[in-house]
Amino acid sequence: MRKFLRISAALFLPIILWGGTGDEILKKAEDAMNASKDRTATMKLTLIDKDGDSKVREIKMWQLGKEKRLIKFLSPADVKGVGFLVLSDNEMHLYMPAFKKTRRIASHVKNESFMGTDFSYNDIGKCQYTKDFIAEIKKETEEEYVLELTPKPKSDVNYARLIMRVSKAHYIPGKIEYYNKKGTLLKVMKNEHIEKVDSYWTPKKVTMKNLKKKHETVMELVKVAHDTGLKNSMFSKRMLKRAE
Amino acid sequence: MTRILVSLYIPILLGVSIVSNPKICMAQEVLPQVDISGNLKLDKRFLITDSVKIADYPYHELNLKLKSNPSQNLYLYSSIKLRLWDQNLASSLVDLTALSSNNPYELSLWEAYADLYSFIFDKLDLRIGKQRIAWGTADKLNPTDNLNPDDFSDPLNFGEKIPTEGVNATYYISDEYNLGAIWLPSLKSILLPRGEFPLFDDASTLPLPPGTNLTESADHLTFPNRKVENSMYATKFSGVIVEFDFSLSYFRGYDDVPIVNRLVVTPVDTLGNVRLDTYLGFPEIQVVGFDCAGELYSIGLWGEVAVFLPEEVKMIMEMPNPVDPLNPIIQDTIILPEEPYVKFTLGGDYTFKNGIYINAQWMHGFFTERGRDNLEDYVMVGIEKKFKNDEINLALAGGLEIKDIKDLKENYGTVIIPEVSYAPTDNVELSLGAFFLGGKTGTLFYTWKEQDQIYVKTEVSF
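Residues numbered from 1 in each chain as written. Chains lettered and ligands numbered in written order. Predicted model: local features only at pLDDT ≥ 70, side-chain atom pairs only at ≥ 80, totals over all residues.

(A) Examining the overall build of chain B more closely. The helix and strand tally for chain B stands at 4 helices and 25 strands. Based on the C-alpha atoms only, the size of chain B along its principal axes is roughly 80 × 60 × 55 Å. Taking all 462 residues of chain B together, the buried fraction comes to 28%. Considering only contacts in chain B between residues 6 or more positions apart, those separated by 24 or more positions represent 60%. (Helix = DSSP H or I, 4+ residues; strand = E, 2+ residues; numbered from the N terminus. Buried ≥ 20, exposed ≤ 12 C-beta atoms within 10 Å, placed from the backbone. Contact = placed C-beta atoms within 7 Å.)

(B) Structural view of the interface of chain B and chain A. In this assembly, 25 residues from chain B lie in contact with 24 residues from chain A. Elements that contribute at least two residues to the side of chain B that touches chain A include exactly strand E4 (59–71), strand E15 (284–296), strand E16 (299–310) and strand E19 (341–351) of chain B. If one sorts the elements of the side of chain B that touches chain A by residue count, E15 of chain B sits on top with 3 residues. A breakdown of the residues in the side of chain B that touches chain A according to their chemical character gives 9 nonpolar, 9 polar and 7 charged. (Nonpolar A, V, L, I, M, F, W, Y, C, P; charged D, E, K, R; others polar.)

(C) Spotlight on the environment of Trp-85 of chain B. Residues and elements named next belong to chain B. Positionally, Trp-85 belongs in strand E5 (residues 74–85). For Trp-85, a count of 19 C-beta atoms within 10 Å puts it in the partly exposed group. Separated by 282 residues in the primary sequence, Trp-85 and Phe-367 place their C-alpha atoms 24 Å from one another. Setting aside its immediate chain neighbours within four residues, Trp-85 contacts Tyr-59, Pro-104, Tyr-105 and Arg-194.

(D) Here's a closer look at the pairing of strand E17 (residues 313–319) of chain B. Note: strand E13 (residues 259–267) of chain B against E17 of chain B, 3 bridges, orientation parallel. When the bridges of E17 of chain B are listed, Val-264 of chain B appears paired with Glu-318 of chain B. (Pairing = 2+ DSSP bridges.)

(E) Structural view of the sheet that holds strand E14 (residues 273–281) of chain B. Residue and element names in this part refer to chain B. Reading across from one edge, E10-E14-E13-E17-E18 is the order of the 5 strands in this open sheet, with mixed pairing throughout. Of all the strands in the sheet, just strand E10 (213–221) and strand E18 (329–336) have a single pairing partner and so form its edges. On average, adjacent strands in this sheet sit at an angle of 15° to one another, irrespective of strand direction. Looking at chain direction, E10 and E14 are connected through 8 bridges and run parallel. Bridge assignment links Leu-214 to a residue of E14, and that residue is Val-274. (Axes fitted to C-alpha atoms, helices over the stretch in contact; angles between N-to-C directions.)

(F) Spatial organisation of the pairing of strand E25 (residues 453–461) of chain B. Residues and elements named next belong to chain B. Strand direction decides the pairing type here: strand E2 (residues 33–47) and E25, joined by 9 bridges, are antiparallel. Among the inter-strand pairings, Phe-46 is bridged to a residue of E25, identified as Ile-454. Strand direction decides the pairing type here: strand E24 (residues 428–439) and E25, joined by 8 bridges, are antiparallel. When the sheet's bridge partners are listed, Val-428 is paired in E25 with Val-460.

(G) Region of the structure containing the nonpolar core. Counting 42 residues, the largest nonpolar core has Ile-25, Leu-26, Leu-147, Leu-149, Leu-162 and Val-166 of chain A as the members making the most contacts within it. Per-element tally for this core: the top contributor is helix H2 (residues 22–33) of chain A, with 4 residues. Apart from the residues lying within four places of it in its own chain, the contact partners of Leu-26 of chain A are Tyr-129, Thr-130, Phe-133, Ala-135, Leu-147 and Leu-149 of chain A. Counting 14 residues, the second largest nonpolar core, distinct from the first, contains Ile-133, Leu-147, Met-232 and Val-287 of chain B. (Core = buried A, V, L, I, M, F, W, Y, C linked by C-beta atoms within 7 Å.)

(H) Structural view of unusual backbone geometry. Pro-76 of chain A follows Ser-75 of chain A through a cis peptide bond whose omega is 0°. By secondary structure assignment, the location of Pro-76 of chain A is in the loop between strand E3 (68–75) and strand E4 (83–86). Within the chain, Met-115 of chain A stands out as a residue other than glycine whose phi angle is a positive 50°. Within the element layout of this structure, Met-115 of chain A appears in the loop between helix H3 (107–110) and helix H4 (121–125). Unusually for a residue other than glycine, Asp-390 of chain B sits at a positive phi of about 70°. Structurally, the position occupied by Asp-390 of chain B is in the loop between strand E21 (377–387) and strand E22 (392–402). Judged by C-beta crowding, with 16 C-beta atoms within 10 Å, Asp-390 of chain B ranks as partly exposed.

This is the structure we're talking about:
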């Protein structure tokens, strides 16, 4: 019996070591989501309400590394030209062309809806889960890890718990559930149509569903390019207010 | 939004002529894309003081914006504004032959500028042409924002400004720090409301010699000579300190609100009837400004201070001399002393977890106020909450004007502005709201009391 246990341990130990801890898997997921040096994407956002009525927005996004993002609204006309710049988790700026002004986004706004979508400013701006969350493996199947993410002390997040399903094939999370302190499921995000683009695994469809509002936002990738050599200077207030 | 290809040479369309940049010349070889967008704003006001009356100063507006990026380092922008006043100017049968009598309108090339990015130096951006230069971090109540004159065409639409011709250069020292320099060749004045809206004292309220009766009046505006030495300039240094955006600024130019500098009272007959000629000018001013914006304990905060250094303005009054009619009596009074005065706005905002947004500002010195002893305090508070996936917005704003804090009971004015707006679909917003003005005699808000109104607005973007 003891010999059997030793053999079992010897067989499973490498698998456990290979799989890593929750934090390590989360890091791999984060790396997989931000694998390219930079990314330029045009996306179509469809906002669908509980009656099935929809509104469409089109955005262009530039991303450098894990932290820096610049987003410009291309349509509809009433939000066209609005710009959103993420320099870090703590520093976000919004440009409103109607006022010709750039404004730093205060913390109280970061958990609000981003331009009417089901993503908050934080959801859109934060690319690094490992900064804010501690991950624990709750379940493991042949296809995926199920991670439970809880906020680190003093982290600026509006969720008490996240359940993230990470694919073993490419480490892109297939589904993330967002819970509040009461344990109520607030939102569900799904990454679908995950394909290799420029040798990077890329979800071509992201859906964020707000269960309380019965409203969802479907983000579809229209066009994407990786490693085009975006420079640091692209991610500045100068570029935020500059027309594309 | 409509994207079309045109073969017209865009700078001609924009009224901007640009040469000498090789990148621009290259761009002419391919047809630049012109992006056309805009909005239509319809505005109907019902005055509700005694009987319901349609207000005559609001206007409907069509804005047409043309944008083009002929090359990576060049951006061209222009906007054309068509204002259609809610007035009927026809007073005779002949007037009825003109469409503009029934629907007075104005067409303006509102903005027309070219952005030259990385001009000569990689870190230098240049904007040339008619432009809006928005300074200050406060919410619409910006004492440091003195480069564009105020547009008081609709005085209840606070914070509207008129673009002016100029050159605006910004050098980006780093991602966080930049230095701006602005040159405005000539002064442009504020715009006043059409119809009855008391923004300033009219001639009939000015002191006249005893025993005289005003029967005629006229006013005369004198602008600074259009000499290069009378042009205006400004500079601004912007940066970040401890997660607070800040800027230091300096402006040297003219006050765009005219001030009375000469009154001439002339007898028109022997019965004591007189004519009053009012002469107005634009005093020189310098403004040193500071503004900042950031957050403390998740509350958004901003502050803006402007120190105004005016030139002295004397008002000369010429009155008839009953003893010696050939030598009129001349009196002069200093109406704007050469002493600095400070205007400021302090404010903050917060969004509660239930989605209620609150914004509060304390402004010292209204747009039209000047001189150390003439500045009043205004406290403005707004609350907003969105419903139905942000389609419905309920807002309530209130303002308290404090003319004299020591005797507030007798020296205050109030304004209450409730509004509900609804966006049934993208690009359309319908608003229903009201202005209720009140307070004590002598306050600004009280003088607008006759403007209590209900408004219906529609805005369509395309």
